Structure formats: C-alpha cells, structure tokens
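# Report on the structure
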Amino acid sequence: MVKKTCVLVVALLTILFHTNKLQAQTTNKLWIRPAHNKSAPVWGIKNGIVFSIWPSPIEGTNEENTGGPRGLIRVGYENKGTIYHINYLAVEPVVDGKIEFSEISPSQLDNRWGKLMWAGDNETQTDYFPAAKSRGNISHPDSKHPEVEKLSVYIFMERFINGAHPYLKLSIRSDRPEELGIEIFNHTGSAQMQRCAITATMGNYSRLRNLYLKDKVVNSKELYKGFDGLDFIEKQSYPVQQMLLDDNGDLIAIAEPDENFASLTSWPKAYLDRSNWRYRPNVKFTQYWRKESTKYDRSLSIRVNGRAKYWSGASKNATDYINIPGGPAFENFELRENYYPGEQFYFGITTKTPQQMVGSIH
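Everything numeric here is computed off the predicted structure, so don't read it as measured data.

## Details of the overall build of the chain
Scanning the chain from terminus to terminus reveals four helices and 21 strands. Along the longest, intermediate and shortest principal axes, the C-alpha atoms of the chain span 85 × 50 × 45 Å. The 362 residues of the chain split such that 50% are buried. Of all intrachain contacts in the chain linking residues separated by at least 6 positions in sequence, the fraction that spans at least 24 positions is 67%. Averaging the positions of the 44 positive and the 39 negative side-chain charges in the chain gives two centres separated by 4 Å.

Below, the structure is given as structure tokens:
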C-alpha cells in the first residue's frame, strides 16, 4: 500500500512539474515583458497590443529615442516581430470643473511638461522608479478556461495641480490580445474627481476619420469642413444612446481611417522632412473603446476632437505645421463617464474592420 501511494505521489508530482513547465514555456512565448526590474518599461503580447511609459519608446528603440513626451502611455501593436507605435493615452482628471492634461501638466520634480509615470506590481508600490520595476503579474482570470492568461501592471503618476491623484491598473488577456484593459483608481487624499478620462491623443497619425455610431458614420472631413486652423476643433459629443453594441452586447465606439492601405501609407514628397508622421505599420488598424454593458454609468458618452494640421507642440508659428494629407482627422478619441473607483474601459487596436467587429454594420 505504501509503495502504491509513493508511486501515485511521484506520478502526480511529475504531472504537476510538466504542467508548470508547459505553462512557463507558454508564458515566455506569449508575453512581451521586461527581463528584470531595471529593463525598459515595455509590456505586451505577441501579435497584439503593447504599451510602455516614458522614457521608453515602443518603436525605434535607439538610445536617442525617448519615445516622445512625458505624461503619456505609448500604445502600439506587435505584428510579425515588429512593434509599431500607434497612439498615446493621456490621463485627464476633472476637479471642481477644471480639467488637467497629463502630457502638459508640469512635473513637481522639474516643472517641465508631463507628469512622471512609473510601474508597480501592486497598489502599495508608489515610489518613483525610472525603469520597469515590475515585469507584470500573470494570472488566470477564467476558471472555466484555465489556459487563458492575464498580464497586469499598475501605473502610478504624480499628483495633479488640481489635487487629483489617480493611478491605473493596465491589463491584457491572452484571449483578447488586441485590447488593453484600463481600470482607474485614486489614492487616499486625492481631490474628488468628477471625471478621469483616458484619451487616445494621436488619432491623426492613423488619419482616423470615420467614427461609427448606432445609426450613422460621422466623417471628420464633413464634420470639420472648412476648418484649417492650427489648433483643435471640437463640436458635439455623442451620448450612450448613440453607441453601437458589439456582438457580445457591450457598448463600443469605433474609429478607422477612411483611406485604403496604399493611400494611408503614401507620403507627399513635399513632406519628406516630416516623415515621422508617415504611417509605418504593415497593416491598416481599426481603433476602438469598449465598455461592458453591465458596468457603465448613464453619463457615458463618446468624445472626439479634430485637427487639420499635425501637432507641433505649443508653437503659434504657422510654418511649424503641415496639413494632414486628405483633410482633417480625429485627434482625441475617448469615452467619458462620471468617475467612480474601479471604473474600467478597454482600448483596442485591431486588424479587424468595423464590419467584422459588429455584425450590424453594413
């Protein structure tokens, strides 16, 4: 009896060892993670979404490339071994009716534009650290599907001038590789936030022009017809009643270029010295925001604004700007909702067309 028990224990341990080894191999092949806590702060999933925080870029990772301005989360897509930078996510808390912008709000450290951001494994790791600090936690969120993995990272930032002190939990699920989950929380002592929007700020890089609503498609060239200014232009927002439902019944806002791939990747010869704005990915992406149908406030709305010229900092000199080829495009693209702790949105970058995402779109 003792001998049979020992054999059984050895067999179970062998199965457990090989299962853990297989899971480790799967995890290593699946995820893009910092090698150690002093590595560049870049996280993501193969053939899917990738994100990083300053100073690390996610595309063109040479020593001189700091990935653009501070106070922004870089978001991109890994495709066939190459990571493409697609957009930035900014944090915009509202306190007493006053909005503040993470990419231009001055740091308390050096008074330069852009809040410092850093990563952690849990809610208590709130001390600034200039490298990764966290490889990200791997969990199995679905007991019915134990093969599904989830990578999670906490992102902290400096307190805002208006007193808001939010932090985020970002996550990617292996069964939804084209989507970034964003949960919003606030530190003890934070000013009460009326709203804390997470906005995708660089829609004009992908020349997003078609916004899909429940009963219509809004085109930026028509919406902003005649606009040729240096700044942003904004008109109405779109309430939750005008939002599409995806095939799972969740609320979704979809934006895509109105050009075919050949047109999107072409670049005017007159703009060769501004080729940083040229669309570089090898596929045309659709971008979207999703909100679970069981977890939303009736204040939910879609908000966009537009630009006719590519962003050139705060310059008021017209010669610093170039026209967006083809006309005005949507720049900021976001969902807005009254804030509550644990509020969650999903931002997606997908190779699917809007019609493939939502069966009711024709």
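## As for a nonpolar patch on the surface
Taken together, Ile104, Trp113, Phe232 and Trp311 make up a surface patch of nonpolar side chains, about 400 Å² in accessible area. By the element assignment, Trp113 lies in the loop between strand S6 (98–99) and strand S7 (117–120).

## A few points about the confidence of the model for the chain
Per-residue pLDDT for the chain has a mean of 91; in total, 90% of the residues score no lower than 70. Note that residues 2–26 has pLDDT below 50 and, in this model, two contacts with residues that lie over four places away or in other chains.

## Considering the environment of Asp142
By the element assignment, Asp142 lies in the loop between strand S8 (137–139) and strand S9 (150–157). With a relative accessible area of 22%, Asp142 lands in the partly exposed category.

## Let's talk about the environment of Leu223
Here Leu223 shows up in helix H2 (residues 220–223). Judged by its relative accessible area of 15%, Leu223 is buried. Distance from Leu223 to Gln108, taken between C-alpha atoms, is 39 Å for residues 115 residues apart in sequence. If near-sequence neighbours (up to four positions away) are discounted, Leu223 is found in contact with Val218, Lys235, Gln236, Tyr238 and Phe330.

## Looking at the packing of aromatic side chains
Under the criterion given, the structure shown has 16 aromatic pairs. Look at Tyr154 and Tyr167: their rings are 6.4 Å apart centre to centre, the planes differ by 40 degrees, and that puts the pair in the tilted class. In this pair, Tyr154 is assigned in strand S9 and Tyr167 in strand S10 (residues 166–173), connecting sequence segments 13 residues apart. Taking relative accessible area as the criterion, Tyr154 reaches 12% and is therefore assigned buried. Exposure remark for Tyr167: the relative accessible area of 7% places this residue in the buried category. When the centroid spacing of 6.1 Å and the interplanar angle of 45 degrees are considered together, the rings of Trp267 and Tyr310 count as tilted. One end of the pair, Trp267, is in the loop between helix H3 (261–265) and strand S18 (286–291); the other, Tyr310, is in the loop between strand S19 (301–307) and strand S20 (329–336), with 43 residues separating them in the sequence. Trp267 sits in the buried class, given a relative accessible area of 11%.

## A short note on the pattern of salt bridges
Enumeration according to the criterion identifies 18 salt bridges in this entry. Across the pair Lys221 and Asp258 runs a salt bridge, and its minimum N-O distance is 3.2 Å. Of this pair, Lys221 sits in helix H2 while Asp258 is found in the loop between strand S17 (251–257) and H3, placing the two residues 37 residues apart along the sequence. On the basis of relative accessible area, Lys221 is assigned to the partly exposed category, the value being 33%. Asp258 gets classed as partly exposed once you look at its relative accessible area, which sits at 26%. Between Arg336 and Glu334 there is a salt bridge whose closest N-O contact spans 2.7 Å. An identical accessibility class is assigned to Arg336 and Glu334; each is buried. The network of salt bridges with shared partners includes Arg207, Arg209, Lys221, Asp258 and Glu259.

Each value, and the rule that gives it
Residues numbered from 1 in each chain as written. Predicted model: local features only at pLDDT ≥ 70, side-chain atom pairs only at ≥ 80, totals over all residues. Heavy atoms only, no water. Helix = DSSP H or I, 4+ residues; strand = E, 2+ residues; numbered from the N terminus. Buried < 20%, exposed > 50% of the residue type's maximum accessible area, 1.4 Å probe, protein only. Contact = heavy atoms within 4.5 Å. Lys, Arg positive; Asp, Glu negative; His and termini not counted. Charge placed at Lys NZ, Arg CZ, Asp CG, Glu CD. Patch = residues over 30% accessible without salt bridge, like charges linked within 9 Å, V, L, I, M, F, W, Y side chains within 5 Å. Areas by Shrake-Rupley, 256 points an atom, 1.4 Å probe, with all protein chains shown as cover. Salt bridge = Lys/Arg side-chain N within 4 Å of Asp/Glu carboxyl O. pLDDT = per-residue confidence, 0-100. Phe/Tyr/Trp six-rings, centres within 6.5 Å; stacked < 30°, edge-to-face > 60°.

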